[in-house]
Amino acid sequence: MRISDNTNLATDWGDFQDPGITQARANETLAQVATRVGVNLADLQSANPQITDPNKLTPGSEIRIPAPAADVSVAREETPAPVNATSRHVETSLEANAMRSLLSSSYPPNVSAPNSSTSGSGGIAQMPPVAMPLNEGYSEKEKQDLTDGLRKVYRAGEQLGISHNDIVSMLHTLAGNPPLTSKKMTESLRLFFMAKDLSPQDRKLVGDAFKASHGDPTQAVALTKLVANPKFVKASTQTKKEWLDKFEALTKRPELKNLGPEEKSVVIQALASDPPPSEDKISSTLDVLASAKNLSPVDQKLFVGGLNAAGGDPAYAANLKKLVEDPKFKSLKPAEKTAVLSQTKNYADADAVANFDRLLHKDWFRAESLDNKQRTLKTIGRLSTYPTGDRQIIYNTLDKLLGDKSPIKLEWKKYPDKSTFWGEMGDTVLYLNRQKIPKGNDKLPENDETNSLAIETVPHEVNHFVNHDKVASTFHYFESEYRAWYVEFKAEHNRVPTSQEAMDQRISWQLNPKSFYGKYAASALKNPQEAQKFYHFLESMTGMKVDAKNWKTVVKSDPATWPNKGQAAAPVPSGNVDNH
Amino acid sequence: MDDKIHHKIAEATHEEFGWKVDEAKVDEVESLRRPSCSFYTVVSNERPLSYQPNYALLPGDHVIGIGTANAVTKILDGCAADASADWWAEIITRFHPDLGDGIVLSDEQERPDIVRKLAQAGVAFTPPQFEHGKQGVNFLLLEPEHYRLYRVQATRTPSGAIEVNKTKLLGGTPTPKSKSDPVDAIAESLN
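Residues numbered from 1 in each chain as written. Chains lettered and ligands numbered in written order. Predicted model: local features only at pLDDT ≥ 70, side-chain atom pairs only at ≥ 80, totals over all residues.

### A closer look at the overall build of chain B
Stage number 1. Secondary structure summary: chain B contains 5 helices and 9 strands in total.
Stage number 2. Written out in order from the N terminus, the α and β elements of chain B read α-β-β-β-β-α-α-β-α-β-β-β-β-α.
Stage number 3. For chain B, the C-alpha atoms occupy an extent of roughly 70 × 40 × 35 Å along the three principal directions.
Stage number 4. Relative to its full complement of 191 residues, chain B shows a buried share of 39%. (Helix = DSSP H or I, 4+ residues; strand = E, 2+ residues; numbered from the N terminus. Buried ≥ 20, exposed ≤ 12 C-beta atoms within 10 Å, placed from the backbone.)

### Side note on the overall build of chain A
Stage number 1. Looking only at helices and strands, chain A has 28 helices and 5 strands in total.
Stage number 2. Counting over 580 residues, chain A shows a buried share of 47%.
Stage number 3. Relative to all contacts within chain A whose residues are 6 or more apart in sequence, the contacts with residues 24 or more apart total 69%. (Contact = placed C-beta atoms within 7 Å.)

### Quick word on helix 13 (residues 261-272) of chain A
All names here are of chain A.
Stage number 1. With 12 residues, helix 13 should cover 16 Å at 1.5 Å per step; its first-to-last C-alpha distance of 16 Å lies within 8% of that length.
Stage number 2. When we look at burial in helix 13, the residues that qualify are S265, V266, V267, I268, Q269, A270, L271 and A272.
Stage number 3. Those residues of helix 13 that are buried are in contact with helix 10 (217-228), helix 12 (237-250), helix 14 (279-290), helix 15 (297-309) and helix 16 (314-325). (Expected span 1.5 Å × (residues − 1).)

### Description of the interface of chain A and chain B
The accessible area lost on association of the parts is a frequent measure of interface size.
Stage number 1. With 44 residues of chain A at the contact, the number on the chain B side is 41 residues.
Stage number 2. Among the secondary structure elements, those contributing two or more residues to the side of chain A that touches chain B are helix 6 (140-159), helix 8 (182-194), strand 4 (423-425), helix 23 (448-466), helix 24 (475-493), helix 25 (499-510) and helix 26 (516-525) of chain A.
Stage number 3. Counted by class, the side of chain A that touches chain B contains 14 nonpolar, 14 polar and 16 charged residues. (Nonpolar A, V, L, I, M, F, W, Y, C, P; charged D, E, K, R; others polar.)

### Details of helix 10 of chain A
Residue and element names in this part refer to chain A.
Stage number 1. The first and last C-alpha atoms of helix 10 sit 16 Å apart over 12 residues, in line with the 16 Å expected at 1.5 Å per residue.
Stage number 2. With 10 of 12 residues buried, helix 10 is to be regarded as a mostly interior element.
Stage number 3. For helix 10, the set of buried residues is T218, Q219, A220, V221, A222, L223, T224, K225, L226 and V227.

### Observations concerning unusual backbone geometry
Residues and elements named next belong to chain A.
Stage number 1. Omega for the bond connecting P178 with P179 falls within 30 degrees of zero, at 0°, which places this linkage in the cis form.
Stage number 2. Among the structural elements, P179 can be located in the loop between helix 7 (164-175) and helix 8.
Stage number 3. For the bond running from P275 to P276, omega is 10°, close enough to zero to count as cis.
Stage number 4. Relative to the elements of secondary structure, P276 occurs in the loop between helix 13 and helix 14.
Stage number 5. Non-glycine residue K565 carries a positive phi angle of around 60°.
Stage number 6. Of note, K565 is situated in the segment after helix 28 (551-556).
Stage number 7. Within the chain, N579 stands out as a residue other than glycine whose phi angle is a positive 60°.
Stage number 8. For N579, a count of 28 C-beta atoms within 10 Å puts it in the buried group.

### With respect to the nonpolar core
Stage number 1. Core analysis: the largest hydrophobic core is formed by 163 residues, its most contacted members being V153(A), L171(A), L191(A), L223(A), L320(A), I75(B) and I92(B).
Stage number 2. Residue contributions to this core peak at 9 residues, all from helix 24 of chain A.
Stage number 3. Looking at which domains feed residues into this core, each of domain 1 (181-289) and domain 2 (467-561) of chain A gives three or more.
Stage number 4. What I92(B) contacts, discounting residues up to four positions off in sequence, is V72(B), L99(B), V137(B), A154(B), I162(B) and V164(B). (Core = buried A, V, L, I, M, F, W, Y, C linked by C-beta atoms within 7 Å. Domains from an automatic or database assignment.)

### Focus on the sheet that holds strand 3 (residues 409-413) of chain A
All names here are of chain A.
Stage number 1. Ordered by their spatial adjacency, 3 strands build an open sheet running 3-5-4, and the pairing between neighbours is mixed. Here the strands that pair on one side only, and so sit at the sheet edges, are strand 3 and strand 4. Looking at each pair of strands side by side, their axes are set apart by 20° on average, direction ignored.
Stage number 2. Where strand 4 lies against strand 5 (residues 429-433), 3 bridges are found, and the strand directions are antiparallel. By the bridge assignment for strand 5, G423 is matched with L432. (Pairing = 2+ DSSP bridges. Axes fitted to C-alpha atoms, helices over the stretch in contact; angles between N-to-C directions.)

### A word on the sheet that holds strand 3 (residues 54-58) of chain B
All names here are of chain B.
Stage number 1. Reading across the sheet, the 4 strands line up as 1-2-3-4 and stay open at both edges, with antiparallel pairing between neighbours. What marks the edges here is a single partner per strand, and that holds for strand 1 (24-28) and strand 4 (62-65). Averaged over neighbouring strand pairs, the angle between their axes works out to 30° when direction is ignored.
Stage number 2. The sheet contact formed by strand 1 and strand 2 (residues 38-44) spans 5 bridges and is antiparallel. By the bridge assignment, K25 is partnered in strand 2 with V43.

### Some details on the packing of helix 22 (residues 391-402) of chain A against helix 24 of chain A
All names here are of chain A.
Stage number 1. At a minimum axis distance of 7 Å, the contact between helix 22 and helix 24 shows a crossing angle of 115°. Taken together, helix 22 and helix 24 sit at an angle that is classed as roughly perpendicular. The crossing of helix 22 and helix 24 is left-handed. Side by side, helix 22 and helix 24 meet where I393, I394 and T397 of the first sit next to V487, K490 and A491 of the second.
Stage number 2. By residue class, the composition of the contact of helix 22 with helix 24 is 4 nonpolar, 1 polar and 1 charged. (Parallel < 35°, antiparallel > 145°, perpendicular 65-115°, else oblique. Left-handed = near helix turned anticlockwise from the far one by under 90°.)

### Here we look at the confidence of the model for chain A
All names here are of chain A.
Stage number 1. In this model, chain A carries a mean pLDDT of 83, and residues with pLDDT of at least 70 account for 84%.
Stage number 2. A low-confidence stretch, residues 1-19 (pLDDT under 50), is modelled with 33 contacts involving residues beyond four sequence positions or located in other chains.
Stage number 3. Note that pLDDT drops below 50 for residues 68-132; the model gives that stretch 105 contacts with residues more than four away or on any other chain. (pLDDT = per-residue confidence, 0-100.)

### Remarks on the packing of helix 6 of chain A against helix 7 of chain A
Residue and element names in this part refer to chain A.
Stage number 1. Between helix 6 and helix 7, whose axes approach to 10 Å, the crossing angle comes to 155°. Considering their axes alone, helix 6 and helix 7 lie roughly antiparallel with respect to each other. Viewed along their axes, helix 6 and helix 7 form a crossing whose handedness is right-handed. Of the residues in helix 7, those touching helix 6 at L146, L150, V153, Y154, G157 and E158 are I167, M170, L171, L174 and A175.
Stage number 2. Of the residues in the contact of helix 6 with helix 7, the class split is 9 nonpolar, 1 polar and 1 charged.

### Digging into the pairing of strand 3 of chain B
Residues and elements named next belong to chain B.
Stage number 1. With 4 of its 5 residues buried, strand 3 lies for the most part within the structure.
Stage number 2. Here strand 2 pairs with strand 3 via 4 bridges, running antiparallel. Each residue of the ladder has a partner; that of T41, found in strand 3, is N54.
Stage number 3. Pairing of strand 3 with strand 4, which is carried by 4 bridges, proceeds in the antiparallel orientation.

### Side note on the environment of S163(A)
Stage number 1. Mapped onto the elements of the fold, S163(A) is located in the loop between helix 6 and helix 7.
Stage number 2. Taking the C-alpha atoms as reference points, S163(A) and P200(A), 37 residues apart in sequence, are found 9.7 Å from one another.

### Observations concerning the confidence of the model for chain B
Residues and elements named next belong to chain B.
Stage number 1. Per-residue confidence for chain B gives a mean pLDDT of 88; residues scoring 70 or more make up 94%.
Stage number 2. Confidence, read as mean pLDDT per element, is least for helix 5 (residues 182-187) in chain B (79) and greatest for helix 3 (residues 85-95) (96).
Stage number 3. The ipTM value of the predicted complex is 0.86, and its pTM value is 0.77.

### A short note on the environment of H6(B)
Residue and element names in this part refer to chain B.
Stage number 1. By the secondary structure assignment, H6 is in helix 1 (residues 3-17).
Stage number 2. On the basis of neighbour counts, which here come to 18 C-beta atoms within 10 Å, the residue H6 falls in the partly exposed class.
Stage number 3. For H6 and V26, which are 20 residues apart along the polypeptide, the C-alpha to C-alpha distance reads 6.2 Å.

In C-alpha cells form, the structure reads like this:
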C-alpha cells in the first residue's frame, strides 16, 4: 500500500516539535547556532529580529530557523495572512514539506536514489524524487511506527547538536529501510553524533557510508568506531573515502555470508577497528571465531558475546583465542569454562582476559571450588578494568597475585562477620571474606562493598606483603599501616590524598586507643624516641609544631586552622608505595 | 582476667577466624561490663589486621561471638536490664552480623571531623537514642577503615530478633562511571 495522503503526514509532523525552531544552548552565539542548523548567519539574524545581541543568547530561548526562499514562497502562496500568523504558518508548511520530502525521498530498492550531491545539504527544502517509503503489505501501525520513529530521531538529533542537513540525511536512510527499531535509531544517532565535528565533506562521506549500509545498526556501530578512531579523524578526506569504501566492500565479502548475525557483527567490528580496513582482519577474526568451535553452545555464545562487547579489539581477540586454546582452560570442567568465559564477556578487556589466563596457571585457582573460582574471576576482572584508579599500582598488585613467580595465594574464607571484615594477609595467603562477593557468573556489582574489597583491600594487603610488615609497638608499624592505606587510596583515586583526607580517614583512627592500631601506637608513644617520630610525622602532615603536650589536640583540630589548611599533599610514607 | 576466660575466648577466635590460640591477645571491654556479663575484644599479635573480634561471656560461661546464631538477642536477653542506649548501640554494632565493627559515635568530641562534616551536610549530631519504648535504638556508626558514616536504626521484633536498617550518610567512593554518553542519555526517549 502506498502512503498517498501526504496531508495526514503533514498534520502529524505539525504536531511534532517545530523543526523550524531551535533552542539556544548555554554559551552559544547566534553564529554557532547558524553553523549548527546549517543556515546563513545573516538569514538567521533576519529571521530573529527579537535577538538584540547575537553573542549573548539566553539558554533555552527559541530561535527561528529560516527556510530557503523558494520554499518560503510556496508556503506564502498557501497562507496569505498577517505577518505573525504567516510566520507561524510558513513554518508549519515547511514542516509539512519537510515530512513530504523526507518520506517521499525514502525509496525502495527499485527507485533511484535522490541525487547524493543534494541529499544531506538541506533536506528540509528539497523535493527529491517522489516515491513512497513503504510498499504494499505494511500495516497502518507499521507506517505509524515509522513516522513516530522518524520524529523521535529528528528531535534527538537536534538535541545532540547534529546538523540539520545530517539529520535529514540520516532520516532519508532510515525511512528507506524499515522497520525503525530503537537500536537502529540509537546507533544511527551515535554515528552522526560522533561525526558531527568532522568537516562537511567528511560528514557527507559518513552519511553516504550509512546509506550504503541501509541503516544496518551493526554496521552503524562499526562505522561509529571507525569514525571515532584518531587515525580516521586525522586522515585526509581522500583517505577517509578510501577506508569507508573499503569497509563497505569488505562487509559484502562472501566469507561473511554464512555467518550468524553475532559472528558477522564480530567481523564487521574488527574491520572497523584500527583502520585501514583490510582482508587480513577478516581472516584473522574468522581464525579467532574458529578457535571456539569445540566449545559448548553456551560457551560459544559467551565467546562471541565477549568479542562483540570488546568491539573488535584485536588484542582482546588474540588474548581470548590464546585463553581458550590454553591446555589449562581445556582441562577445566564445563561449568568452570562457562565461569571463565562469562567473565571474559563481562570484562571484555584485553588485560582482563590475559589476567584470567594467568589465573588458570595458578595451582591455588585450579584447586578452588567453582563458587570461589567465580569470586576470584570477578574480583580480578573488576580490578583489571577499574577505570579511574592508579594503573601502575593496580598492575603491580595483579602481578603480585598472578605473576609466575609470585608466592601469594588467594583464599576465600567464610568469616562470621559479613559486614566489616574484608580480608587479611597471612604470610603468603591473602584471605578474603567470601560473604562480600557473591558467587555466580554475573558481573560484580559496582558498589562500596565490592570497591572496598577489590580496589582497596587487595592492594592494601598486597602492600603489607611486599613490605614484609609485622605488627609491633613502633612508629615503623604505624607508618606501615598508613602506607598500606596510602597505596589503596592511590589505587582507588589515582591521586595522592590531601593531609586532611589522611588525617580524617586514617591517622585519627590509627591513633585512636579504641582501634587495633591505637593500642600499638599508644605503646610506641611511651618510648620518647619513637614518640618523636610520631610528632615529626604529625608536623609534616599539619604544618604545626607538635609535641607530647599537644599531639592529641592536633589530631582532633580543624584542618582549616592548619598552616597548610589540610590541602597539602599528605606525607609520602617510606617503603614500597606502588606494590612493585 | 583469669587464664580460663582468656583461653576460652582465644579458642572461640580460633574456631571463628582460624587464628592460632597463642596469637590472640584478649582484652576486656570494661565499659560494657554488666552484673552478669562481660565483654572482650581480641587482636592478633601477628597479623597487621585492624579487625577486632568481639566476644561476650554470659552466665554459665557461655561464649557468644558474632558468628553465634541470634547473638544480639541472647546478649540483650541475658544482660540488657537497665542498660543505656549507648550500651545497646555498642552491643548491636559488635554482635550483629550486618554491622560487625565500627565506632558508635556517642560523644561529639571523639570525632570532631565527623561532626564538622555532618554540619556541612546539614545533619545534626545525635548520640544513641532509644526508640519504640526501648525496643529500638538509633545511632551514628562510623566504619573507620573505609571512613563511611551510617545512621543505624535497630529494632527488636516481637520475636526478639534485631532488625537493622543502615543508611549511609557520608563517605564511600562514588562508583566511577564511564564518560557519560549523550546518545545513551537520549536513547530512552526513543523507546
